[in-house]
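Chains, contacts and geometry: an overview
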Amino acid sequence: MALTTLLWPELPAMGWLLPLISMLLLAWYRRWGCVIGGLCGLILFLLFFTLQLDWLHQLGIAGGKHSIKGEVMAWQPQGEGVSVRLRLQQLDGQPLWPRPMVRLFSPQPESTLGMGQQVVLDATLKPVHGLGNPTSFNQERWLLGMGITATGSVRQWQELGPLPDPGWRHSWLEQSRALLQPFAHSALLLALVFGEQQDVSAAEWLLLRDGGIIHLIAVSGLHIGLAAWLGFWVGRVLQLCPGLGPRAVGLPVVVSILVAVLYSALAGFSLPTQRALLMLLLWFGVRLWRRHWSLWRIWWLSLVLLLLLDPWSLFSASFWLSYLAVALLGVAALLWRKASLWRLQWLMTLGLLPLQLAMFAGLGWLAIPVNLIAIPVFSLILIPLGLASGLLVPFWPSAAWTGFWLCDRLLGYLMTGLDWLQIHIDSWVWFSVQGSQTLVLCWFAGLFWLLPHGRALSLCACGVAALIYGQPAAEWEVLVIDVGQGLSVLVRQGERGLLYDTGDAFPSGYNMADAAILPVLRAEGIRQLDYLVISHADRDHASNWLRIYQALPVRHLLSSVPLNPVTQHCVRGRNWHWLRLRLEILAPAGVGTGQENQDSCVLRITDGRHSLLLVGDLPGDEERHLLAIPGLVQPVTWLVSGHHGSRHSSTAAWIRRLQPQVVIHSSGYANRWHFPDPAVVARFHARGVRQWKTAEQGLIRITVQDGSAQINGFRSQGAWYRHLDAWLRGD
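Let us look at the structure shown here. Model, not experiment: these values are computed from the prediction.

Each value, and the rule that gives it
Residues numbered from 1 in each chain as written. Predicted model: local features only at pLDDT ≥ 70, side-chain atom pairs only at ≥ 80, totals over all residues. Heavy atoms only, no water. Helix = DSSP H or I, 4+ residues; strand = E, 2+ residues; numbered from the N terminus. Rg over C-alpha atoms; globule rule 2.2 N^0.38 Å. Buried < 20%, exposed > 50% of the residue type's maximum accessible area, 1.4 Å probe, protein only. Contact = heavy atoms within 4.5 Å. Areas by Shrake-Rupley, 256 points an atom, 1.4 Å probe, with all protein chains shown as cover. Lys, Arg positive; Asp, Glu negative; His and termini not counted. Charge placed at Lys NZ, Arg CZ, Asp CG, Glu CD. Salt bridge = Lys/Arg side-chain N within 4 Å of Asp/Glu carboxyl O. Disulfide = S-S within 2.5 Å. Pairing = 2+ DSSP bridges. 1 Å grid on protein atoms, 1.4 Å probe; cavity = no way out; pocket = protein on both sides within 12 Å on 5 of 7 lines; lining within 4 Å. Points joined across faces, edges and corners; volume = space filled by probe spheres on them. Nonpolar A, V, L, I, M, F, W, Y, C, P; charged D, E, K, R; others polar. Axes fitted to C-alpha atoms, helices over the stretch in contact; angles between N-to-C directions. Parallel < 35°, antiparallel > 145°, perpendicular 65-115°, else oblique. Left-handed = near helix turned anticlockwise from the far one by under 90°. Core = buried A, V, L, I, M, F, W, Y, C linked by side-chain atoms within 4.5 Å. Phe/Tyr/Trp six-rings, centres within 6.5 Å; stacked < 30°, edge-to-face > 60°. Lys NZ or Arg CZ within 6 Å of the ring centre and 35° of its normal.

The subject of this paragraph is the overall build of the protein. Each helix and strand counted, the protein has 26 helices and 23 strands in total. Relative to the 2.2 N^0.38 estimate, which gives 27 Å for 731 residues, the radius of gyration of the protein is 29 Å and therefore close to what a compact globule would have. Summarising its shape, the C-alpha atoms of the protein cover approximately 105 × 65 × 65 Å along the three principal directions. Here the protein holds 731 residues, and the buried ones make up 50% of them. A fraction of 67% describes how many contacts in the protein between residues 6 or more apart in sequence connect residues 24 or more apart. For the protein, the accessible area works out to roughly 35000 Å², and carbon and sulfur atoms hold 62% of it. With 52 positive and 43 negative side-chain charges, the protein shows a separation of 11 Å between the mean positions of the two kinds.

Assignment of secondary structure puts phenylalanine 45 in helix α2 (residues 33-53). Under the relative-accessibility criterion, phenylalanine 45 is labelled buried at 4%. Taking the C-alpha atoms as reference points, phenylalanine 45 and aspartate 599, 554 residues apart in sequence, are found 53 Å from one another.

In this structure the tally under the stated criterion is 17 salt bridges. Here arginine 169 ties to glutamate 196 by a salt bridge, and the two come within 2.7 Å at their closest N and O atoms. Here the residue arginine 169 occupies a position in helix α4 (residues 167-180), and glutamate 196 occupies one in the loop between α5 (186-194) and α6 (202-211), the gap between them amounting to 27 residues. With a relative accessible area of 22%, arginine 169 lands in the partly exposed category.

With the rule as written, the count across this model stands at one disulfide. The residue that forms a disulfide with cysteine 570 is cysteine 601, at a sulfur-sulfur distance of 2.3 Å. Handedness here is read from the sign of the S-S torsion; for cysteine 570 and cysteine 601, about -75°, the answer is left-handed. Separated by 31 residues along the polypeptide, cysteine 570 in the loop between β14 (568-569) and β15 (575-578) and cysteine 601 in the loop between β16 (581-587) and β17 (602-606) bring together distant segments of the chain. Its relative accessible area of 0% is what places cysteine 601 among the buried residues. In this model cysteine 40 remains outside any disulfide bridge; the closest cysteine sulfur is found in cysteine 34, 12 Å from its own. You can see cysteine 442 has no disulfide; the closest cysteine sulfur is in cysteine 462, sitting 5.9 Å from it.

Right, let's get into the sheet that holds strand β9 (residues 476-480). Taken together, the eight strands give an open sheet; going across it, the order is β14-β13-β12-β11-β10-β9-β22-β23, and neighbouring strands pair in mixed fashion. Of all strands in the sheet, those bounded by a partner on one side alone are β14 and β23 (708-713). The pairing of strand β13 (residues 554-559) with β14 spans two bridges and is parallel. Pairing of leucine 558 across the sheet is with glutamine 568, part of β14.

What follows deals with empty space enclosed by the protein. According to the stated counting rule, one finds two cavities of 30 Å³ or more in the structure shown. The space that makes up the largest cavity amounts to roughly 50 Å³. Taken together, Leu207, Asp210, Gly211, Leu366, Leu418, Leu421, Gln422 and Ser427 make up the lining of the largest cavity. Looking at the lining of the largest cavity, the elements that each hand over two or more residues are α6 and α16 (397-424). For the lining of the largest cavity, the per-class residue count stands at four nonpolar, three polar and one charged. The calculated volume of the second largest cavity comes to roughly 30 Å³. Considering the residues around the second largest cavity, the lining is formed by Pro127, Val128, His129, Glu140, Tyr669, Arg715, Tyr721, Arg722, His723, Leu724 and Asp725.

Glancing now at the packing of helix α10 (residues 271-288) against helix α11 (residues 295-309). At a minimum axis separation of 10 Å, α10 and α11 run at an interaxial angle of 130°. Taken together, α10 and α11 sit at an angle that is classed as oblique. Judged by the sense of rotation from one axis to the other, the crossing of α10 with α11 is right-handed. Within the contact between the two elements, α10 uses Arg275, Leu278, Met279, Leu282 and Trp283 and α11 uses Ile298, Trp299, Leu301, Ser302, Leu305 and Leu306. The residue makeup of the contact of α10 with α11, split by class, is nine nonpolar, one polar and one charged.

With omega at -5°, the peptide bond leading from tryptophan 97 into proline 98 counts as cis. In this fold, proline 98 is placed in the loop between β3 (94-95) and β4 (101-106). Here phenylalanine 675 and proline 676 are connected by a cis peptide whose omega angle stands at -10°. With respect to the helices and strands, proline 676 occurs in the loop between β20 (662-665) and α24 (678-686).

A few words on the sheet that holds β20. Within the open sheet, the seven strands sit side by side as β15-β16-β17-β18-β19-β20-β21. Their pairing is mixed. Of all the strands in the sheet, just β15 and β21 (690-693) have a single pairing partner and so form its edges. With direction set aside, neighbouring strand axes in the sheet form an average angle of 20°. Strand direction decides the pairing type here: β15 and β16, joined by four bridges, are antiparallel. Each bridged residue has a counterpart across the sheet, and for histidine 577 the counterpart in β16 is arginine 582.

Another aspect to go through is the environment of leucine 724. Within the fold, leucine 724 resides in helix α26 (residues 724-729). With 642 residues separating them in the primary sequence, leucine 724 and valine 82 have C-alpha atoms 26 Å apart. Ignoring sequence-local partners within four residues, the contact set of leucine 724 consists of Leu53 and Val128.

Let us now look at the nonpolar core. Counting 62 residues, the largest nonpolar core has Phe49 and Leu86 as the members making the most contacts within it. No other element matches the nine residues that α2 contributes to this core. Those residues within four positions of phenylalanine 49 in sequence are excluded, and the remaining contacts are Thr5, Trp8, Leu11, Trp312, Leu314, Phe315 and Trp720. Core analysis: the second largest hydrophobic core is formed by 50 residues, Leu180, Leu207, Leu226 and Leu266 among them.

Within strand β5 (residues 118-127), seven of the 10 residues are buried, which leaves it mostly tucked inside the rest of the structure. Pairing analysis gives eight bridges linking strand β1 (residues 64-78) to β5, with the strands arranged antiparallel. Considered in β5, the bridge of lysine 69 is made with valine 120.

Below, the discussion takes up the packing of aromatic side chains. Two numbers describe a pair of aromatic rings. These are the distance of the centres and the angle of the planes. Considering all chains together, one arrives at 26 aromatic pairs under this definition. When the centroid spacing of 5.6 Å and the interplanar angle of 70° are considered together, the rings of phenylalanine 48 and phenylalanine 49 count as edge-to-face. Each of the two residues, phenylalanine 48 as well as phenylalanine 49, counts as buried. Aromatic pair phenylalanine 48 and tryptophan 312: ring centres 5.2 Å apart, planes at 65°, arrangement edge-to-face. With a gap of 264 residues between them, phenylalanine 48 in helix α2 and tryptophan 312 in the loop between α11 and α12 (317-335) connect regions that are remote in the sequence. For the pair phenylalanine 48 and tryptophan 312, one class covers both residues: buried. Through successive ring pairs, a cluster of aromatic residues spans Phe45, Phe48, Phe49, Trp312, Phe315, Trp720 and Tyr721. Arginine 455 extends its terminal NZ or CZ atom over the ring of tryptophan 449, reaching a point 4.1 Å from the ring centre. Taking NZ or CZ as reference, arginine 574 lies 5.3 Å from the ring centre of tryptophan 576, over its face.

Next up, the structure:
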């Protein structure tokens, strides 16, 4: 029942509580065990999510200003500012219960911030919200997995309380940082030993991901298990001390538990360490209690306890990956008396395949051979040596330094090898949505085939896979990609694509090409672009053209900006056929610099029955110039509004001439310019035009098949947490 909460299309209203309780009482009377458990879970999670999210109704308009008081739970540098995680106590002077968690960004970091500090500040707040594309990083799920229900930015620090005692962990980490500072891979060592991942660069994470060993760096069950193992042998050594001997039978277990708890505290009691520690404590508790519980019983009990303690764990990808990995170890114990590393690696790879495809839309085919080398190195050398060194930091710094030095050298060899592989071998394989669905169904077909009486189910899965793979392709599609405050539109015919604009990029390195556009192109099976069109030079339209140009083969580059020597100029009068579509450039009139909004490349695409008009940031003055040219501006079926819905574009005369059936506003959620402007929305509404907004609906897809067209938004088809703003509005 817990898993179904990730699939609910809507969050049920509290009015469902009474019928559910009535059903629970009936099940209790009839003694339907499974039904009782399922209904209890449903009621629990419904109450939890409703209570935790109800405070969002007090925010009013997303992006509004509020005075808040809270306690600093975590903070870390981010770009030129700082990211702060707060446990809110008051919102606009009103106490909150339960106390929600929010994440804020401050461009002017306060150097006096500390864990547990009380702060009062002015901030803008909005519900958790991420890019709404099928294959983009699921920001909402990631934030909710950490218990964060709103994000925002600090406008002004009003009051900072006194700094609390940083505690022994802070002192321990500072000593460790000082020891690690001279080493080339100090950031990786901090992540490996203490779970402090904020200093690891994006390039290093990419190397680890492509090599398939990112799971070995994150502090997890393997680390806690090795810490417990070290503690156990320390306890065995202590048993040899005079006066203890056989009387201290449980000493190794006690020391093992103490070392595991100490190391978990050093790792900040992160969610993976909590899971591993809970399973370890259950296992040791059963042994001390002299009971014989199977791995499955401990697995189920720890899973239930963690979900009861923190229901937000449901949204954590690492939660399910780690628990599934432990379950696969249990399967290996059933299949083989003593499984080899090769067999374990194959079992893990195949067993985690559906989750891997769901989360990353691809596979690293080098993961198996790399892990065959990396797992023994990490398990037998790096992690034990790193753990021992980390635990020795306050007591024997010279020995800790020596251990860290050896770990740094080993990591250096490993990262050099991964870097060589990345340069010479493309180890990551991306899958389209259709390819992923087909592969997962084939995976289930293989699983069902191995089960008793599962042949019929296996054939059914193969049949569904064949239907998905063989379904007819649309004649052509338009995808207005959610790139936040910017624009990017994909027009596709089969595997052939035209991309109009490429969204924004930021000084931190975050860009819409990697975050949204390239994942969508891969998911749609686009292997090359016939046309890459850049409307003009504004950063929210043109920032990523080079990234796209280098990532995919591009046959024609068109722009009003001279991007490179092969750029073809967007000039009025050019028209040509692209497969079944006709393309026509309406503006600009001649070759210019492309630096101004009026230089925007205006492109009309039609199949003779349906048509699409892309206008970039075309301002109202230029709209009037185009309207003055006889026969140039014709009615269209779909229009992407100029300048993201700015009041200076989409004039009444322009709308009247175009007569669009649908207009799409591509703008950021709760953006500071309040696009689309209410005046523009009113103009289109007055003409009876149906309006779509990427900020609300996410990626908007128009599909043309057999002469008819359908339009839908991604968020409306997703789970409830992907459209929280609609839930708050009561839509």
